[in-house]
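Residue strings, one per chain:
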Amino acid sequence: MNAPSPLANVLDAALEATVVGSFTRVGYAARSRLDGWSDPTAVAGRTIVITGATSGLGLAAAVRLAALGARLHLVGRSEAKLAHAQAHVRLHSSSEVITHCCDLSLLRETRRLGETLVALATPLDVLIQNAGALLTSYTPTSEGIETTVATHVLSPYLLTEYLLAHGGFAPHARDITVTSGGMYSERFNLATLDMSPTTYRGTVAYARAKRAQCVLIPHWQRIYGSSGVSFHLVHPGWAATPGLSSGIPQFERVTKALLRSADQGADTMVWLAGTSLDPAPGRLWLDRRPRNLYRLKKTRLSISEEIAAGDTLAQWCKERVEEVLSD
Ligand SMILES: NC(=O)c1ccc[n+]([C@@H]2O[C@H](COP(=O)([O-])OP(=O)(O)OC[C@H]3O[C@@H](n4cnc5c(N)ncnc54)[C@H](OP(=O)(O)O)[C@@H]3O)[C@@H](O)[C@H]2O)c1
């Protein structure tokens, strides 16, 4: 990508100021034309793991990355859906596509996935932590953790920490986490992250978990960035996927005409996975540009609060994970 023109910068800022203009297909269409996007050039031969690869954004990313020559590891929780995703990806490419069945709401299964990935002959160049779901009712896992927190916060924490501790990443690997614009409504507060059955509301639990991701990823960048591994957050915009239909059907009905395709929603994760540029680490990306972590004053943390929140959240994750795994 060439440096954006001043006009592209002005129009991008105007879109970003309006949530609808930025998050919908309008934002994607304008930005992709203004900045003259082309496919990332450094994908071929990279070993890339995608979680939640059986549907929606993860599957769309898999198709594009395979077509660009990546060696893919697709992670899903259903053998049948994985077989379908693998066959679908192979329609578009002859690249290597391996599948791993793992319920990422379960920490023991996540650790097993970590062990499998570490045992690969080639360390990972890219990990895309994309699996996620918005659950309308309180659902504890068989390990006793609320599923939203388990899937979006504790499992990604465990997988990344495991890979870092066991040499699972290549020297300049990228660890990419798919968050959501839903997090803009929530200020990070560890005391309210893990909701109780009586206070649980699906959209709030989801937004808080996605906000927690936005605390953890900059924390990782601060403490592990010097290792060469870089950490990135992606906001995909609003995209028509099975997850959006089942999680927030009313929202889908209202915004249907404006939603991005899954491929458009997956574009920035594909770009981050394979750009030959060095994307600024520890940042949130939408449409191939870094974005602010805050839109509302009431959710804003100062730099020192962000650092303290990252330390506290990481410590909390460590303790919760150890509690379950030592059982
Ligand atoms: N679509 C949007 O507009 C949008 C906006 C913001 C953020 N996001 C985020 O983007 C990511 C992908 O969402 P999507 O819209 O593509 O939804 P999707 O179509 O439902 O895809 C979600 C993927 O995650 C997998 N998954 C969910 N829970 C899992 C678990 N416990 N273990 C293993 N895999 C699990 C799903 O597997 P199954 O196929 O078995 O269900 C599926 O492959 C999510 O993190 C979501 O929060 C989406």
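Coordinates for the structure precede this section.
The structure presented is a predicted model; accordingly, all values stated were derived computationally and were not measured. Note on numbering: residues in each chain are counted from 1, in written sequence order. Only residues with pLDDT of 70 or above have their local features reported here, since the model is predicted, and side-chain atom pairs are shown and tallied only from 80 upward, although totals for entire chains, interfaces and linings are computed over all residues.

As for the packing of helix H1 (residues 6-17) against helix H3 (residues 25-34)
H3 packs onto H1 with a crossing angle of 170 degrees between their chain directions and a minimal axis gap of 10 Å. On the basis of the axis angle, H1 is roughly antiparallel to H3. The hand of the H1/H3 crossing is left-handed. Only Gly-27, Ala-30, Arg-31 and Leu-34 of H3 make contact with H1, whose side of the interface consists of Ala-8, Leu-11, Asp-12 and Leu-15. Between the N-to-C directions of two axes lies an angle of 0 to 180 degrees, each axis being a line fitted to C-alpha atoms and, for a helix, fitted only over the stretch in contact. A run of H or I in DSSP counts as a helix once it spans at least four residues, and a run of E counts as a strand once it spans at least two, with each numbered from the N terminus. Roughly parallel covers angles under 35 degrees, roughly antiparallel covers those over 145, roughly perpendicular covers 65 to 115, and oblique covers all other angles. Crossing handedness follows the turn of the near helix against the far one: under a right angle anticlockwise gives a left-handed crossing, and clockwise gives a right-handed one. By the criterion used throughout, residues are in contact when their C-beta atoms, derived from the backbone, lie within 7 Å.

Quick word on the site of the ligand
Among the 29 residues in the neighbourhood of the ligand, the closest are listed as Gly-52, Gly-56, Gly-132, Thr-241 and Gly-243. Only helix H4 (56-67) and helix H10 (242-247) provide two or more residues apiece to the shell around the ligand. The residue makeup of the shell around the ligand, split by class, is 11 nonpolar, 15 polar and 3 charged. Proximity of a residue to a molecule or strand is defined by its backbone-placed C-beta atom lying within 6 Å of that partner. Each residue gets one label: Ala, Val, Leu, Ile, Met, Phe, Trp, Tyr, Cys and Pro are nonpolar, Asp, Glu, Lys and Arg are charged, and the others, such as Gly, are polar.

Thoughts on the environment of Leu-134
By secondary structure assignment, the location of Leu-134 is in the loop between strand S4 (124-129) and helix H7 (147-165). Comment: burial labels come from other C-beta atoms within 10 Å of the residue's own C-beta, placed from the backbone, where a count of 20 or more is buried, 12 or fewer is exposed, and between is partly exposed. On the basis of neighbour counts, which here come to 21 C-beta atoms within 10 Å, the residue Leu-134 falls in the buried class. If we ignore the near neighbours within four places in the chain, the residues touching Leu-134 are Gly-202, Thr-203, Tyr-206, Gly-247 and Ile-248.

Regarding the sheet that holds strand S8 (residues 289-291)
Strand pairing requires that DSSP identify at least two bridges connecting the strands. One open sheet accounts for 8 strands, arranged S3-S2-S1-S4-S5-S6-S7-S8; its pairing is mixed. At either margin of the open sheet sits one strand with a lone partner, and together these are strand S3 (97-101) and S8. Recorded for the sheet is a direction-independent mean angle of 25 degrees between the axes of neighbouring strands. Against the sheet, helix H9 (residues 202-224) touches strand S5 (169-178), strand S6 (230-234) and strand S7 (284-286), its axis set at about 160 degrees to S6.

Remarks on H4
In this model H4 runs 17 Å from its N-terminal to its C-terminal C-alpha over 12 residues, within 8% of the 16 Å that 1.5 Å per residue would give. Among the 12 residues that make up H4, 11 are buried, leaving the element largely enclosed by the rest of the structure. Among the residues of H4, Gly-56, Leu-57, Gly-58, Leu-59, Ala-60, Ala-61, Ala-62, Val-63, Arg-64, Leu-65 and Ala-66 are the ones counted as buried. At the C-terminal side of H4, Gly-69 shows a positive phi close to 100 degrees. Expected helix span is computed as 1.5 Å times (number of residues minus one).

The analysis is restricted to geometry; functional conclusions fall outside its scope.
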